[in-house]
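# Structural features, examined
What follows is each chain in one-letter form.
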Amino acid sequence: QVQLVESGGGLVQAGGSLRLSCAASGRTSSNYVMGWFRRHPGKEREFVACISSYGGSTYYTDSVRGRFTISRDNAKNTVYLQMNSLKPEDTAAHYCAAGRVYIATTGDLYDYWGQGTQVTVSS
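Residues numbered from 1 in each chain as written. Predicted model: local features only at pLDDT ≥ 70, side-chain atom pairs only at ≥ 80, totals over all residues. Heavy atoms only, no water.

### Some thoughts on the overall build of the protein chain
- When you go through the protein chain residue by residue, the secondary structure sums to 0 helices and 11 strands.
- Secondary structure elements of the protein chain, listed N to C terminal, follow the sequence β-β-β-β-β-β-β-β-β-β-β.
- By the compact-globule yardstick of 14 Å for 123 residues, the protein chain fits well, its C-alpha radius of gyration being 13 Å.
- Taking all 123 residues of the protein chain together, the buried fraction comes to 46%. (Helix = DSSP H or I, 4+ residues; strand = E, 2+ residues; numbered from the N terminus. Rg over C-alpha atoms; globule rule 2.2 N^0.38 Å. Buried < 20%, exposed > 50% of the residue type's maximum accessible area, 1.4 Å probe, protein only.)

As structure tokens, then:
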């Protein structure tokens with residue numbers, strides 16, 4: 001089992017930045033691919049970014065590429081999502097997930113999920 005806890009969400013103005021963190025505990029999290037997803041109000045969950053188990057490779061959805069950066073610190077069992085140039089359309093609950101498949105852009109390929117952290121971007 002892997003337990004995931006997200007933090008770092010909040011309210012920010014358009015153009016601002018936030019850094020989300022996802023702390024992992026349980027089974028060796030460095031063995032897992034880590035991903036970030038988000039769910040806009042009333043919509044399906046969507047893929048944001050993922051990072052390979054040792055951090056050598058990353059992949060982003062088109063809408064965040066160039067603005068968001070996913071990284072991990074396996075010594076701290078933590079994955080980060082640095083979000084810059086935030087837009088109102090980035091407003092969503094953000095979730096981290098752990099899985100075994102890289103590149104995995106659908107939620108069914110992830111085994112463990114956090115509870116989520118809300119990001120709200122005002123215009």
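Anyway, onward from the coordinates.
### As for the packing of aromatic side chains
- Within this structure, the stated rule accounts for 6 aromatic pairs.
- Ring geometry for Tyr32 and Tyr112: centres 5.9 Å apart, planes at 75°, overall edge-to-face. Highlighted residues: Tyr32 in the loop between strand 3 (18–26) and strand 4 (33–39) and Tyr112 in strand 10 (residues 110–113), separated in sequence by 80 residues. The pair formed by Tyr32 and Tyr112 is uniform in burial state, with each residue classed as buried.
- A connected cluster of aromatic rings, assembled from ring pairs, spans Phe37, Phe47, Tyr59, Tyr110 and Trp113. (Phe/Tyr/Trp six-rings, centres within 6.5 Å; stacked < 30°, edge-to-face > 60°.)

### Some points on the sheet that holds strand 1 (residues 2–7)
- As summarised here, the arrangement of the 4 strands in space is 1-3-8-7, forming an open sheet in which the pairing is antiparallel. Unpaired on one side and paired on the other, strand 1 and strand 7 (68–73) mark the two borders of the sheet. In this sheet, adjacent strand axes meet at a mean angle of 15° when their direction is disregarded. (Pairing = 2+ DSSP bridges. Axes fitted to C-alpha atoms, helices over the stretch in contact; angles between N-to-C directions.)

### With respect to the state of the cysteines
- Enumeration according to the criterion identifies 1 disulfide in this entry.
- A sulfur-sulfur separation of 2.0 Å characterises the disulfide bridge that pairs Cys22 with Cys96. A torsion of 55° about the S-S bond marks the disulfide between Cys22 and Cys96 as right-handed. In this pair, Cys22 is assigned in strand 3 and Cys96 in strand 9 (residues 92–99), connecting sequence segments 74 residues apart.
- The exposure class of Cys96 is buried, given its relative accessible area of 1%. (Disulfide = S-S within 2.5 Å.)

### With respect to the nonpolar core
- In terms of nonpolar packing, the biggest core is built from 26 residues, with Leu4, Met34, Trp36, Ile70, Leu81 and Met83 touching the most fellow members.
- Looking at which element gives the most residues to this core, the answer is strand 3, with 4 residues.
- Once residues within four sequence positions are removed from consideration, Met34 is found in contact with Leu4, Cys22, Ala49, Cys50, Ile51, Ile70, Arg72, Val79, Ala97, Ala98 and Tyr110.
- Val33, Phe47, Cys50 and Ala104 belong to the second-largest nonpolar core, a separate cluster that totals 7 residues. (Core = buried A, V, L, I, M, F, W, Y, C linked by side-chain atoms within 4.5 Å. Contact = heavy atoms within 4.5 Å.)

### Describing the side chain of His94
- As for its placement among the helices and strands, His94 is situated in strand 9.
- A distance of 3.0 Å separates a polar atom in the side chain of His94 from the backbone oxygen of Ala92.
- Those residues in contact with His94 that sit more than four places away from it in its chain are Glu6, Leu20, Trp36, Phe37, Arg38, Leu81, Met83, Gly116, Thr117 and Val119. (Polar contact = N/O pair within 3.5 Å; in protein donor to acceptor, adjacent residues only side chain to side chain.)

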